[in-house]
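Coordinate inspection notes
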Amino acid sequence: MTDTAPTEATGDSTRRRPALSPSRAGDFKQCPLLYRFRVVDRLPETPTRAQVRGTVVHSALERLFALPVSERDPAHARELLTPGWEELLTQQPELGTLFDGPDDPELTSWLESASTLLDSYFELEDPRRLEPEACELKVETELDTGVLLRGFIDRVDVAPTGEIRLVDYKTGAAPREVGEAKALFQMKFYALVLWRTRGELPRQLLLMYLADKQSLAYTPDEAELRRFERTLNAIWQAILRAGRSGDFRPNPSKLCNYCDHKPLCPAHGGTPPPYPGWPEPDAGSESVLDRTD
Ligand code: SF4
């Protein structure tokens, strides 16, 4: 078994065990201090319009597959955007500050840009020819070492012959090559979880880049996923060590320009808050915005 979390109480059976998600593992790889700010300190972050648009587009694509096959067309897909946005606003009213009310012309053009992404999706595949096994599937598994992996897969397709394909929609404006390593890390994470839970290696990992209308298909092999499993175990052990000591080092890079916590970062002249100790109850959760980067 792996170490338990540094300050994890052992007597409370209702407490969720700390888990690793692809977003949080990616945070730690990018910058341990960023991981600390997000997971341990849980400092609030300001979502961007692009992040929220990604969430709304993902929601529309999920709802699209709930429609009868004959209605899975661009016009119906576009009609799903506004209800998705309104539902998100109900769940997270603070997102309302992104726009100056429902009549803000910038809201209109933002929804139009989301429509453009949906139109791009239809150039990449025909959803009338697909019947996914699941959309927004929550997956969780425990590795032999005791590390708990948890995440959400955009779509799982299963062929009549049983082969599994995992699909992830990318809606960000970043050039594909910038996000590709991160996206493959995420997809290997899901492939490993599926393999461990179903005993079946996914046949294909498909990344659909809606902004530039391109897809990237990737076939994982067993040896690679075993190596990847060792990588995840090593990341988790490193997280536990840092959690125990409170030593989460900054790792400055050009990505600091996208970090909400730069003013608190010693690499940029800031001072972090005192270390509050290991988080409870869950060190690995993803927000709905994480799932749509
Ligand atoms: S500003 Fe850069 S180095 Fe500092 S916490 Fe953020 S990502 Fe890490």
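If you check an unreviewed UniProt entry, the chain appears there as Putative RecB family exonuclease from Halopolyspora algeriensis.

1. Details of the overall build of the chain
The helix and strand inventory of the chain stands at 8 helices and 5 strands. For the chain, the proportion of its 293 residues judged to be buried stands at 31%. Contacts in the chain between residues far apart in sequence, at least 24 positions, make up 71% of those at least 6 positions apart.

2. So, the site of the ligand
If you check the shell around the ligand, you find 14 residues, and the closest are Cys31, Pro250, Cys256, Cys259 and Cys265. Split by residue class, the shell around the ligand holds 10 nonpolar, 3 polar and 1 charged.

3. Comments concerning the sheet that holds strand β4 (residues 204–209)
Strand order in the open sheet made by the 5 strands is β1-β2-β3-β4-β5, with mixed pairing throughout. Looking along the sheet, the strands with just one partner apiece sit at the ends: β1 (134–142) and β5 (214–218). The average angle at which neighbouring strand axes cross in this sheet is 35 degrees, direction not considered.

4. Considering the pairing of strand β2 (residues 148–158)
Relative to β2, β1 runs antiparallel, the two being bridged by 8 bridges. When the sheet's bridge partners are listed, Ala134 is paired in β2 with Val156. Summarising the sheet, β2 and strand β3 (residues 164–170) pair through 4 bridges and their orientation is antiparallel. Looking at β3, one finds that Arg155 is bridged to Val167. Where β2 hands over to β3, the hairpin turn is made up of 5 residues, of which Gly162 adopts a positive phi near 100 degrees.

5. Overview of the packing of helix α3 (residues 49–64) against helix α6 (residues 105–124)
Orientation of α3 relative to α6, taken along the N-to-C sense of each, is 50 degrees, at an axis distance of 10 Å. Judged by the angle between their axes, α3 and α6 are oblique. Crossing handedness for the pair α3 and α6: right-handed. Contacts from Arg49, Arg53, Val56, Val57, Ala60 and Leu61 of α3 reach α6 at Trp110, Ser113, Ala114, Leu117, Leu118 and Tyr121. Grouping the constituent residues of the contact of α3 with α6 by class yields 9 nonpolar, 1 polar and 2 charged.

6. Some points on the nonpolar core
One finds Ala60, Leu166, Tyr190 and Met208 to be the most contacted residues of the largest nonpolar core, which totals 55 residues. Examining the composition of this core, we find that 8 residues originate from one element, helix α7 (residues 176–198), more than from any other. Residues from two domains meet in this core; each of domain 1 (22–42 + 133–292) and domain 2 (49–129) gives at least three. Leaving out residues up to four positions away in the same chain, Leu166 has contacts with Ile153, Val156, Met187, Tyr190, Ala191, Leu194, Pro202, Leu205 and Leu206.

7. A look at helix α1 (residues 22–30)
Extensive coverage of α1 is indicated by the burial of 7 of its 9 residues. Regarding α1, the residues found buried are Pro22, Ser23, Arg24, Ala25, Gly26, Asp27 and Phe28.

8. Remarks on the environment of Arg129
Residue placement: Arg129 occurs in the loop between α6 and β1. Of the residues examined, Arg129 has 8 C-beta atoms within 10 Å and is grouped as exposed. For the pair Arg129 and Val69, spaced 60 residues apart in sequence, the C-alpha to C-alpha distance is 8.1 Å.

9. Brief notes about the confidence of the model for the chain
Put simply, the chain has an average pLDDT of 88, and 87% of its residues get 70 or more. Within the chain, α7 has the poorest average pLDDT of any element, 87, and helix α4 (residues 74–79) the best, 97. Taken together, the stretch residues 1–15 has pLDDT below 50 and engages in 22 contacts with residues farther than four places along the chain or on a different chain.

10. Re the environment of Arg36
Structurally, Arg36 can be placed in helix α2 (residues 32–40). Overall, Arg36 belongs to the buried group, with 28 C-beta atoms counted inside 10 Å. Spatially, the C-alpha atom of Arg36 lies 9.3 Å from that of Ile239, the residues being 203 residues apart in sequence. Discounting residues that sit within four places of it in the chain, Arg36 has contacts with Asp41 and Phe248.

11. What about the environment of Ala159?
Here Ala159 lies in the loop between β2 and β3. With 11 C-beta atoms counted inside 10 Å, the residue Ala159 sits in the exposed group. Separated by 26 residues in the primary sequence, Ala159 and Glu133 have C-alpha atoms spaced 9.3 Å apart.

12. Observations concerning the packing of α3 against helix α5 (residues 81–91)
Viewed as axis vectors pointing N to C, α3 and α5 meet at an angle of 120 degrees, and their least axial separation amounts to 9 Å. Of the possible angle classes, the one that applies to α3 and α5 is oblique. Of the two elements, α3 crosses α5, and the hand of that crossing is right-handed. Between α3 and α5, the contacting residues are Thr55, Val56, Ser59, Ala60 and Arg63 on the first element and Leu81, Gly84, Trp85 and Leu88 on the second. A breakdown of the residues in the contact of α3 with α5 according to their chemical character gives 5 nonpolar, 3 polar and 1 charged.

What counts, and where the lines are drawn
- The residue numbers shown here count from 1 along each chain, following its written sequence.
- Predicted model: local features are reported for residues with pLDDT of at least 70 only, side-chain atom pairs are reported and counted for 80 or more only, and whole-chain, interface and lining totals are derived from all residues.
- Each helix corresponds to a stretch of at least 4 residues labelled H or I by DSSP, and each strand to a stretch of at least 2 residues labelled E; elements are numbered beginning at the N terminus.
- Buried means a residue has 20 or more other C-beta atoms within 10 Å of its own C-beta, exposed means 12 or fewer, and partly exposed covers the counts in between; C-beta atoms are placed from the backbone.
- Once C-beta atoms have been placed from the backbone, residue pairs whose C-beta atoms lie within 7 Å are recorded as contacts.
- Only the C-beta atom matters for this test: placed from the backbone, it must lie within 6 Å of a molecule or strand for the residue to be near it.
- Each residue gets one of three labels, nonpolar for Ala, Val, Leu, Ile, Met, Phe, Trp, Tyr, Cys and Pro, charged for Asp, Glu, Lys and Arg, and polar for the others, Gly among them.
- We treat two strands as partners when DSSP finds at least two bridges between them.
- Note on method: axes are straight lines fitted to C-alpha atoms, helices fitted across the in-contact stretch only, with angles between N-to-C directions ranging 0 to 180 degrees.
- Should an angle lie under 35 degrees it is considered roughly parallel, over 145 roughly antiparallel, and from 65 to 115 roughly perpendicular; all remaining angles are considered oblique.
- Two helices cross in a left-handed way if the nearer one is turned anticlockwise from the farther one by less than a right angle. They cross in a right-handed way if the turn is clockwise.
- Core membership is restricted to buried Ala, Val, Leu, Ile, Met, Phe, Trp, Tyr and Cys residues, and these are joined into a nonpolar core through C-beta atoms within 7 Å.
- Residue ranges assigned to the domains are those given by an automatic or database domain assignment.
- pLDDT measures the predictor's confidence residue by residue and takes values from 0 up to 100.

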